[in-house]
Amino acid sequence: MRYLPHTEQDRKDMLDAIGAKTVEDLYCDVPQKALLQAPVDLPLAVGEMEVERTFSAMAAKNLSPSIAPSFLGAGAYRHHVPATVDYMVQRGEFLTAYTPYQPEVSQGTLQYLFEFQTQVALLTGMEVANASMYDGATATAEAVLMAARATRRNRAVLAGGLHAHYFDVTKTSAHSLNIELVHPDSDPTRPADPASVIDLIDDNTACVVVQSPDMFGRIIDLRPIAEAAHAKGALVVAVTTEIVSLGLLEAPGNLGADIVTAEGQSLGIALSYGGPYVGLFATTSKLVRQMPGRVTGQTQDVEGQRGWVLTLSTREQHIRREKATSNICTNAGLCALAFTIHASLLGEEGLSRLARLNHANACTLADKLAAIDGVELMNDSFFNEFTVKLSQPAEEVVEALAKRGILGGVPLTRLLPDRNDLKNYMLVAVTETNTDADMTALVQALEEILS
Amino acid sequence: MSDQSRDLSQGRTNVPVGGSQAPAQQTISGSKGLDFAEPLIFELGEDGRTGVDLADVKVSDNRLGGLRRKDKVGLPGLSEPQVVRHYTRLSQKNYGIDSGFYPLGSCTMKHNPRVNEKIARLKGLGDLHPMQPTSTAQGALELIDTLAHWIKTLCAMPAVAMSPAAGAHGELCGMMAIKAALEDRGEADVRKRVLVPESAHGTNPATAAACGFSVDSIPATERGRVDFAAFKAKLGPDVAGIMLTNPNTCGLFENEVIEIADAIHDAGGYFYCDGANFNAIVGRVRPGDLGIDCMHLNLHKTFSTPHGGGGPGAGPVVLSEALAPFAPLPYIVHGKDGFDLVEHKADSDAKPFGRLKGYHGQMGVFIRALAFMMSHGADGLRQASSDAVLNANYLRAELQDQMSVSFDGMCMHEVLFDDHFLKDTGVTTLDFAKAMIDEGFHPMTMYFPLVVHGALLMEPTESEAKETLDLYIKTLRGLNARAQSGDAQFFKNAPVLTPRRRLDETAAARKPVLRWSPDAN
Amino acid sequence: MSLKFTKDHEWINLDGDIATVGVTAYALGQLGDLVFVEVPDEGRMLSKGDEAAVVESVKAASEVYAPVSGEVIEGNAGIADDPATVSGDPAEDGWFFKIRLSDPSELDDLMDEEEYDVYVESLD
C-alpha cells in the first residue's frame, strides 16, 4: 500500500520497543467480542489506475453541465473559474494545513482569511465578516439564531422568496431552540409585496429574513422592510444566493441590513453536485460578539511586525462549551481561499464586467423565451435568473429537455413540492458561460416540446 | 489604491530575527530570502488592472428594480501574475501535512493523496449541478450510495445520514435525530438532560445546548475513562442520552463501552458516539458492535480529505434501527428507474427531522473519501488503523522516560502527556510547543483535553515513517534536556525562525481589527 | 469599608444598602489579561445567582454572578471601554457594578476577607 511507509521489519522493531508481541496487544482495552479477527466484507486494495477507472465510469453516467447547455441555478451557479484559482488552492501548504491554531506557521491561511473577511464586508456593504460558514443555508440559519440571542426574542419572519432549502435549514435549527418562524406563502405570480412581510413583524420579532434576488429571481427593495423592522426593534437579515449579483446591485448593507448571509459558491467554487460551498456571514461591529464562526484579526508579533491570529475565540465552543454562540468548529477554509483568489483576479472592474455579462445574457434569454408560444416571463426584475410559466408541467419539460441533452431549468416544485399550483413554473439561470448557441438550443427545444 | 500601498515592505519593521540564535540581517525590501514581506491584496492593486479578460458590455437599469449599485465595491485591481505571486508567497508562510510532521492530537493529519484531487475534478462529477434531474445524475447518486455502503459496513450500522457538512454538524444531526426520536415517543419534554464526560471536545456540550438539552458532566477516573459508577448514578427518567467519544480524547479505548451502552439503553436514553477518533479502530472494531445509536465520521480526518486550513469537511452520521427513521433530508432510495433522491417530507415514508444544509451533502469530500477507502480496501484500512495505533504507542514508549504520560497502559492512535515533566523548569506547555516549531515540527494539540494539566496530545497517524518518528523523538528529548537545564528563556523566545514570532492575541481581542479598511492601515 | 466575598471570587464593598461588586485579584490572575467586559445596565433587577456581567480573556470566558439580589444602579462603563482597568482591589476604580440590596440578609452567607483567603489557599 503506497500510502503506508512501514516495512514488516519496522513494525516488528516498533512492537519490540513498545514491549508488545503483536498488534493485537495494542488493542488490549477493546472488549474481546468486539475485536474483529479479519477484514470487513468490502473490496480489497486496488491501485491508482483502477480507482480512477471506477470513478470515471461513474462520472460517465452523468450528464455534465460542461458539455450540455445548462441553465440551472436555484442557489448554485455555473461560472467560469479561472485556472489560476484551482492551481493555487492545490498548493500543499494551503490544501493540507489544519485550522490556523499556531499563528507563527499559519500566516498564509490567516492573511487570506483576513482578505476574505474584507472582501465579504466590501461586497455586502457591512462592517465585519467572519471566516466563512458551511454554506448559504446554514449561514442563514445561524443568522436567525444570532438575532434571537442579540434581541432576546424568539420569533423570526421569513419572506416568501427565501430559498426553500434556506427556509428548511432555518426551520430545523429554530425547532431545536423553540424559535417561532412565520412566513407568507411564496407567490412568484405577482411582484413581491413588502407588506406581506411587514404585516407579520411584531414586538417579539427578533429578525426579518429577506432574500434578494429572491428564490424566483426578483430583486427586492430591502428599505421599506428594514424601516418597519427597525421600528419594532427587530434585526434585518439580508440573504443572497448569487454573490456575483452584488457586482451590479446595491449592497444590502446600504439598504438597512444588520446581518448579511450569502452563498459564495459563484466565486471560485466548483458546482460539485451541491458541496462543499462557502457560506458568507457579515454584520455590524456592534453585533460582532454575537457572531458565530471563526474570525481572524490583525495584531503584531513581539517584534512589532504586523500579523494575524484567530480572535474573539471566547464566543466559540472550545471555550464556551454549552454557552457558545454556535457549535460550529470548522469553516470552509479552502473554499474561502478559492473565493478570495477569484475575487482578487476579478478586482473591481472584473467583477463589474462579470455581473453585467450575466445580466445581459439573462435579458437576452428572457426575451427569447418570452417570445415562445407557451412561455410566460414572470419577472419584472432579475439579475441572472428568472421564473417562467410554461404551458406544460415543468418537471416533464425538464425531463424532455434532458433527453435532448439540455439542462434547461429547475421546476419550482422541486423546491416547493406541496405547491401543485406552481407545477408549470420553471427557474432559468443564465451566466457568462452560456453561449448564443446554448440559448438557441434551449429556445428551439422548448419550441418543439411546447408546440 | 492609496499611496501607502507602494511600500511593499509594509508590515515589516526590519527588526533582526532570531534573538540570540540567528544572525541579524536587515534588508531594504523587508523580505528575507525566501521569507517574503507580502502586503495585503488591498495594498497591491491599481485601478484599471484586472486578472480576467471579460467583455465590457453595457446593461440598462430597466430590469434591476431600481437597485443598481451606486458606489464602487472597493476591490483592488491586479493582473493575473500579481495574484499568482501574492498567494504563492502566502502559501509559503504555512505549514501543511505536505511540509512536515503534524502530530496535532484529535485532528488526524494524515497524507492527502493527490489522485483524490484529480478524481474530484473529473467532468461529470466536479461540474455536476445539484438541481439537475436525478435521471442525469445516476452516477453521482451511485457514488454517494457506494460511500454510504462502505461507511455502514465499516461501522456495522444499518443507516447513514450523508448530508452533514462537518463533524460538529454531524453532532447536530445525531442529537437532532435523538430529539426527534424522543418527540416520537412523547418524551421530549421529560428527557432534557444529556450526559457528557468532562474530557469531551467542546463541540459536544455546545451541540447538546444547540438542540435544547441541558448538559450534565461526568467525571473521569484516574485511568482516564468514564467513571462508570458516577455515570450510572446520573441515569434517570430525564436523561436523553450520553455523548461519548470512543476512543476517548485521552487517546484511550473506553473498555466499559458496552456496559455504558447497555446502561443508557436500560435507562431509556440513546448513545451518541463522537467518531472523531475512528482512525484508531477502522476495520478492527465496528462501533455498531459496541451498542451505539449514532456516530459521526469526520471524512476530513479518518478518510484523508484535505483540511484546507479549516475546512471543508464532511460529517456523515451512522444511525441505529431506532434512529434511522428520523434521518434528515435528503436521502437516496433505490427506485424502479435507478437511484432517486427524497428531498421533502411529503415524499418520505419515514419521519425525517428536517434538513441540515442546502442540497445533498459535501459531494467533493465524498468523492475524495471514497477514493481513499477504495485505494486502501478492507485490508489496507485495517492495516492503516493499526499502523496509526502502533505509531502512537511507539511515541509513548520512546518518550515516557522523559515526558509525563498521563495514563498508563496502551494508548490508541494518540498519546496524551501532561506538563508534570516541565514542573519547576519555568517552561509551559505552550513554550515547549513553540520551540518545536523552530525545529520544523508542527506542535501537538495543547491544553486539550481539560482533564489533565497542561495537556500535550500527540497523534502521529499511519502516514509517518519510523525515521520521521525517530527524529521527532530525538528532538523532543533534546528539547526536554534543554528545559531541564534551566534555559527557560530559550523557550519563552520561541519561535524565532518563523515568518512571524509570537503574536499579541490580547491586543487582537481587545480592539478587534477584523478587516482592512482604506483609512486604518 | 465593609468587604465580603463569594466562592465565585467576587468582592462586595458595602456602603449602606449599596453594594459595589468586583472580581477578586485571585480570579483575575486565573483568567489572564482581560480583553472584554460586559456590565449590567442601570435599572436591571438581579436575583442572587443571576448572570450579571461577563469577563473574557483570550482563552477563557466567565460570568460574574450577582452575589446579592437588588437593582443595578450603575454598571462601570470605564471597564467596559478599557478592560485593562479592571482591578481586584476594591480601593481602585476597577469594579463591575453597584447594586441596591433588596434583601440584606443575603450578606450573611458571604465570607469575610480572612475566610476568603483561607478558601483561596484551599484551592491551590
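Residues numbered from 1 in each chain as written. Chains lettered and ligands numbered in written order. Predicted model: local features only at pLDDT ≥ 70, side-chain atom pairs only at ≥ 80, totals over all residues. Heavy atoms only, no water.

Under the annotation held in an unreviewed UniProt entry, chain C carries the name Glycine cleavage system H protein and is attributed to Magnetovibrio blakemorei.

A few words on the overall build of chain C. For chain C, the count of helices and strands is three helices and nine strands. Reading the secondary structure of chain C in the N-to-C direction produces β-β-β-α-β-β-β-β-β-α-β-α. By principal-axis analysis of the C-alpha atoms, chain C measures approximately 35 × 35 × 25 Å. In chain C, which comprises 124 residues, the proportion classed as buried is 49%. With the model as given, the accessible surface of chain C reaches about 6100 Å², and the carbon-plus-sulfur share is 43%. (Helix = DSSP H or I, 4+ residues; strand = E, 2+ residues; numbered from the N terminus. Buried < 20%, exposed > 50% of the residue type's maximum accessible area, 1.4 Å probe, protein only. Areas by Shrake-Rupley, 256 points an atom, 1.4 Å probe, with all protein chains shown as cover.)

Our focus in this paragraph is the UniProt feature "domain: Lipoyl-binding" (unreviewed entry) in chain C. Within the UniProt annotation, "domain: Lipoyl-binding" (unreviewed entry) is assigned to residues 18-100 of chain C. Taken end to end, residues 18-100 of chain C is 14% helix and 42% strand, and its first and last C-alpha atoms sit 5 Å apart. (UniProt positions renumbered as here; feature names shortened; annotations may be inferred.)

For the rest of this paragraph, the subject is the UniProt feature "modified residue: N6-lipoyllysine" (unreviewed entry) in chain C. Feature annotation in UniProt places "modified residue: N6-lipoyllysine" (unreviewed entry) on C:K59, given in this structure's numbering. Along the chain, C:K59 falls in the loop between strand 6 (51-57) and strand 7 (61-65).

Facing 211 residues of chain B, the contacting portion of chain A comprises 192 residues. In this assembly, chain B packs against chain A so that about 17400 Å² is buried in total across both faces, 61% of it on carbon and sulfur atoms. Considering only the surface of chain B that becomes buried against chain A, B:R63, B:L67 and B:L514 emerge as the three largest contributors, covering 5% of it. Remark: the boundary between chain B and chain A carries 15 salt bridges. Counting across the chain B and chain A interface gives 102 residue pairs in polar contact (both at pLDDT 80 or more). At 28 residues, helix 8 (residues 363-399) of chain B tops the list of elements feeding residues into the side of chain B that touches chain A. Looking at the side of chain B that touches chain A residue by residue, the class counts come to 101 nonpolar, 64 polar and 46 charged. (Contact = heavy atoms within 4.5 Å. Buried area = accessible area lost by both parts, 1.4 Å probe. Salt bridge = Lys/Arg side-chain N within 4 Å of Asp/Glu carboxyl O. Polar contact = N/O pair within 3.5 Å; in protein donor to acceptor, adjacent residues only side chain to side chain. Nonpolar A, V, L, I, M, F, W, Y, C, P; charged D, E, K, R; others polar.)

Looking now at the environment of B:A220. All names here are of chain B. Counting through the fold element by element, A220 comes out in the loop between strand 3 (214-218) and helix 6 (228-234). Taking relative accessible area as the criterion, A220 reaches 27% and is therefore assigned partly exposed. In contact with A220, not counting residues within four places along its chain, are E198, R225, D227 and V451.

Okay, the packing of aromatic side chains next. Per the stated rule, a full pass over the model turns up 20 aromatic pairs over all chains. With 4.7 Å between their ring centres and 85° between their planes, B:F101 and B:Y472 make a pair best called edge-to-face. In this pair, B:F101 sits in the loop between helix 1 (80-91) and helix 2 (114-120) while B:Y472 sits in helix 10 (residues 466-484), placing the two residues 371 residues apart along the sequence. Per residue, the accessibility class of B:F101 equals that of B:Y472, and both read buried. The interplanar angle of 10° and the centroid separation of 6.0 Å between the aromatic rings of B:F432 and B:F491 together place this pair among those described as stacked. Of this pair, B:F432 sits in helix 9 (residues 429-438) while B:F491 sits in helix 11 (residues 488-493), and the two are 59 residues apart along the sequence. Of the residues examined, B:F491 reaches a relative accessible area of 0% and is grouped as buried. Chaining the aromatic ring pairs together yields one cluster made of A:Y3, B:F278, B:F303 and B:F372. Residue placement shows B:R89 over the ring face of B:F36; its charged tip is 4.0 Å from the ring centre. Its guanidinium or amino end placed over the ring of B:F490, B:R482 lies 3.7 Å from that ring's centre, counting from NZ or CZ. (Phe/Tyr/Trp six-rings, centres within 6.5 Å; stacked < 30°, edge-to-face > 60°. Lys NZ or Arg CZ within 6 Å of the ring centre and 35° of its normal.)

Time to look at the side chain of B:E43. Topologically, B:E43 is positioned in the segment before helix 1. Within the structure, B:E43 has its side chain in polar contact with the side chain of A:R306 (distance 2.9 Å).

This part takes up helix 15 (residues 436-450) of chain A. Residues and elements named next belong to chain A. Compared with the 21 Å implied by 1.5 Å per residue over 15 residues, the 21 Å span of helix 15 between its first and last C-alpha is a close match. Within helix 15, burial applies to D438, M439, L442, V443, A445, L446, I449 and L450. On its buried side, helix 15 packs onto helix 12 (333-370), strand 10 (375-377), strand 11 (385-390) and helix 13 (394-403). (Expected span 1.5 Å × (residues − 1).)

Our focus in this paragraph is the pairing of strand 6 of chain C. All names here are of chain C. Of all seven residues making up strand 6, six are buried, and the element is well covered by its neighbours. Looking at chain direction, strand 4 (residues 34-38) and strand 6 are connected through four bridges and run antiparallel. Bridge pairing links E38 to V54 in strand 6. Strand direction decides the pairing type here: strand 6 and strand 7, joined by five bridges, are antiparallel. Paired with A53 across the two strands is V64, which belongs to strand 7. (Pairing = 2+ DSSP bridges.)

Turning our attention to the sheet that holds strand 13 (residues 456-458) of chain B. Strand pairing in a sheet relies on backbone hydrogen bonds. The paired strands run either parallel or antiparallel. Residues and elements named next belong to chain B. Sheet architecture is open: four strands sit in the order 10-11-13-12, paired in antiparallel fashion. Since the sheet does not close on itself, it has two edges, and those belong to strand 10 (404-405) and strand 12 (445-446), each with one partner. Where strand 12 and strand 13 come together, two bridges link them in antiparallel fashion. Across the sheet, T445 pairs through a bridge with L457, a residue of strand 13.

Considering all chains together, one arrives at 51 salt bridges over all chains under this definition. Residues B:K351 and B:D184 are paired through a salt bridge, measuring 3.1 Å at the closest nitrogen-oxygen approach. Here B:K351 is found in the loop between strand 9 (338-342) and helix 8, whereas its partner B:D184 is found in helix 4 (residues 167-184), with 167 residues between them in sequence. By relative accessible area, B:D184 is classed as partly exposed at 45%. Because the salt bridges share partners, they merge into one network encompassing A:D86, B:E117, B:R121 and B:R368.

The next point concerns the pairing of strand 5 (residues 270-274) of chain B. All names here are of chain B. Of all five residues in strand 5, five are buried, a share of seventy percent or more. Side chains Y270, Y272 and D274 project from strand 5 onto one buried face, and the interleaved F271 and C273 project onto a second face that is buried too. Where strand 4 (residues 239-245) meets strand 5, five bridges bridge the pair, whose relative direction is parallel. Pairing of I242 across the sheet is with F271, part of strand 5. Note on the crossover from strand 4 through helix 7 (residues 257-266) to strand 5: the handedness is right-handed. Where strand 5 meets strand 6 (residues 294-296), three bridges bridge the pair, whose relative direction is parallel. Across the sheet, residue D274 finds its bridge partner in strand 6, namely H296. (Right-handed = clockwise from strand over helix to strand, strands pointing away.)

With that settled, the discussion passes to helix 3 (residues 48-60) of chain A. Taking 1.5 Å of rise per residue, the 13 residues of helix 3 of chain A would be expected to cover 18 Å, and the 18 Å separating its terminal C-alpha atoms lies within 8% of that figure. Of the surrounding elements, those touching the buried residues of helix 3 of chain A are helix 2, helix 3 (138-155) and helix 8 of chain B.

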